[in-house]
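Architecture and fold: a report
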Amino acid sequence: MTNVVTKPVRRPAGRTGGRRTGVSASGGWWALAFIAPATIGLLALYVWPFLSTLVKSFQDVPAFGPATFVGIDNYRNLIGDGDFWKAFRNSAIYTAIILLGIPLAVVLAALIEQVGRGRGVYRVLFFLPVVTLPVAVGMVWRFIYNGDFGLLNSVLAWFGVDGQFWVADPRFTIYAFGVVGIWMGLGINLIILGAGLQAIPKTLYEASSLDGAGRVRQFFHITVPLLTPSIFFVTILNVIAALQMFDLLFIMLRGVNNTALTDSKTIVYLFYEKAFVQFDQGYGAAIAIVLLMVIMMATALQFRLQKSWVFYG
């Protein structure tokens, strides 16, 4: 028996490992150059402000002079602050009202999907409040809610119902803001839910209609279950946005010596007042960190609960 020895095949010089290493290194530098703008923006606009706020939350930061370390005193004072818990309650009520708008958005999205012509027109009309400046929205709704000559009270008078001072009475202000928040967020909710509706196979509706299922039964047994991923996504967005509500409160209640402002503050408004009006930046930073923790816990809770009601595929 003869042993055959095979000679190793030599590769061309242009394809050596060293040459590959050089190309890979060059590609790595190009990759870093492409992601550098986004990375720098992320560090400058998100990471650094978060770290700076976190450090300030453990300090006493006066308007003038150096900051002093106070440990957890800001958080201890926050727990015993009645204004904070009142603002927390207002933010929770506002968030709950905003979540009530999601079923409304689901029904409207399903109705718009059934429209043969003009579907895009309806979506544009509902989306207009999303692209409208919050200042303009606040000024218009401030006129609508006016207790003396507002449009809402004029309409209620036609039906013999006494009007109220909707944005001057702390019993109604948060609920009035909730209605405006639902109206403002309806457009983006319809866009997301409409995209989810278009992903549902039409064959399911055809098969169910052959079995005698009507529109209402199809809505609850096909549309809603298969739309739950989109509903879950919309819920996440609405909770985060609701807990950060500030602009409506600032526009509609500021500048008129409104007595309802004291009892209608949200967490973000309290942060603004402490940090930029009273210049207690350490205490304001503690409020911001607590708000971040609340949003993170609310989001984590929603991801935890979605396993029991969200159906994928």
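Residues numbered from 1 in each chain as written. Predicted model: local features only at pLDDT ≥ 70, side-chain atom pairs only at ≥ 80, totals over all residues. Heavy atoms only, no water.

1. Some points on the overall build of the protein
The secondary structure content of the protein amounts to 12 helices and 2 strands. Written out in order from the N terminus, the α and β elements of the protein read α-β-β-α-α-α-α-α-α-α-α-α-α-α. Computed over the C-alpha atoms, the radius of gyration of the protein is 28 Å, more than 25% above the 20 Å expected from 2.2 N^0.38 for a compact globule of 313 residues. When its C-alpha atoms are laid out on the principal axes, the protein stretches across 110 × 75 × 35 Å. Per-residue burial over the protein gives 35% buried out of 313 residues. Nonlocal contacts in the protein, meaning residues at least 24 apart in sequence, comprise 66% of its contacts between residues at least 6 apart. Working note: accessible area of the protein is about 19600 Å², and carbon and sulfur atoms make up 69% of it. Here the protein contributes 23 positively and 14 negatively charged side chains, and the mean placements of these two sets differ by 23 Å. (Helix = DSSP H or I, 4+ residues; strand = E, 2+ residues; numbered from the N terminus. Rg over C-alpha atoms; globule rule 2.2 N^0.38 Å. Buried < 20%, exposed > 50% of the residue type's maximum accessible area, 1.4 Å probe, protein only. Contact = heavy atoms within 4.5 Å. Areas by Shrake-Rupley, 256 points an atom, 1.4 Å probe, with all protein chains shown as cover. Lys, Arg positive; Asp, Glu negative; His and termini not counted. Charge placed at Lys NZ, Arg CZ, Asp CG, Glu CD.)

2. Some words on the side chain of S91
Here S91 lies in helix α3 (residues 82-113). By relative accessible area, which is 1% here, S91 ends up buried. Those residues in contact with S91 that lie beyond four places of it in its chain are L243, T266 and I267.

3. Looking at the pattern of salt bridges
For the structure shown, the criterion picks out 7 salt bridges. Where K86 meets D263, a salt bridge forms, and the shortest distance between an N and an O atom there is 3.0 Å. Of this pair, K86 sits in helix α3 while D263 sits in the loop between α10 (247-253) and α11 (267-277), and the two are 177 residues apart along the sequence. You can call K86 partly exposed: its relative accessible area is 27%. A salt bridge links E113 to K202, with the shortest nitrogen-to-oxygen separation between them at 3.9 Å. One end of the pair, E113, is in helix α3; the other, K202, is in helix α8 (residues 202-210), and 89 residues separate them in sequence. A relative accessible area of 12% means that E113 is categorised as buried. Among the ionic contacts, a cluster of salt bridges with common partners joins E113, R119, R123 and K202. (Salt bridge = Lys/Arg side-chain N within 4 Å of Asp/Glu carboxyl O.)

4. Quick look at the packing of aromatic side chains
Each aromatic ring pair is characterised by the separation of its centres together with the angle its planes make. The full count for this structure, using the stated rule, is 19 aromatic pairs. Here W141 and Y145 contribute two aromatic rings whose centre-to-centre distance is 5.4 Å and whose plane-to-plane angle is 45°, an arrangement assigned as tilted. Each member of the pair, W141 together with Y145, is buried. Linked through ring pairs, F246, F250, Y269, F271, Y272 and F276 together constitute an aromatic cluster. (Phe/Tyr/Trp six-rings, centres within 6.5 Å; stacked < 30°, edge-to-face > 60°.)

5. With respect to the environment of G101
Within the fold, G101 resides in helix α3. In sequence terms G101 and G41 are 60 residues apart; their C-alpha atoms lie 34 Å from each other. Excluding its chain neighbours within four sequence positions, the residues that come into contact with G101 are I182 and L186.

6. Some remarks on the nonpolar core
Among the nonpolar cores identified, the biggest contains 22 residues, and Y94, Y145, F177 and L248 are the most heavily contacted of them. Every element with two or more residues in this core is listed here: α3, α5 (134-144), α7 (173-198), α10 and α11. Examining the composition of this core, we find that 5 residues originate from one element, α7, more than from any other. (Core = buried A, V, L, I, M, F, W, Y, C linked by side-chain atoms within 4.5 Å.)

7. Notes on unusual backbone geometry
A positive phi angle, close to 60°, is found at F279, a residue other than glycine. In this fold, F279 is placed in the loop between α11 and α12 (281-305). According to the relative accessible area criterion, F279 is partly exposed, its value standing at 45%.

8. Comments concerning α3
For α3, with 32 residues, the first-to-last C-alpha span of 47 Å sits near the 46 Å given by 1.5 Å per residue. At the N-terminal boundary of α3, the capping side chain belongs to D81, with an oxygen 3.0 Å from the backbone nitrogen of D83. (Expected span 1.5 Å × (residues − 1). Polar contact = N/O pair within 3.5 Å; in protein donor to acceptor, adjacent residues only side chain to side chain.)

9. Describing the confidence of the model for the protein
When the pLDDT values of the protein are averaged, the result is 87; 90% of them are 70 or greater. The secondary structure element of the protein with the lowest average pLDDT is helix α1 (residues 17-56), at 79, and the one with the highest is α12, at 95. Contacts for the low-pLDDT stretch residues 14-23, under 50 throughout, to residues beyond four places or in other chains number 3 contacts. (pLDDT = per-residue confidence, 0-100.)

10. As for the packing of α3 against helix α9 (residues 215-243)
What describes two packed helices is the angle between their axes and the distance between those same axes. Relative to each other, α3 and α9 sit at 145°, their axes nearing to 9 Å. Seen along the crossing, α3 lies across α9 with a hand that is right-handed. Contacts between α3 and α9 involve S91, Y94, T95, I98, L99, I102, V106, V107 and A110 from the first element and F219, L227, I231, V234, T235, N238, V239, A242 and L243 from the second. In terms of residue class, the contact of α3 with α9 is built from 14 nonpolar, 4 polar and no charged. (Axes fitted to C-alpha atoms, helices over the stretch in contact; angles between N-to-C directions. Left-handed = near helix turned anticlockwise from the far one by under 90°. Nonpolar A, V, L, I, M, F, W, Y, C, P; charged D, E, K, R; others polar.)

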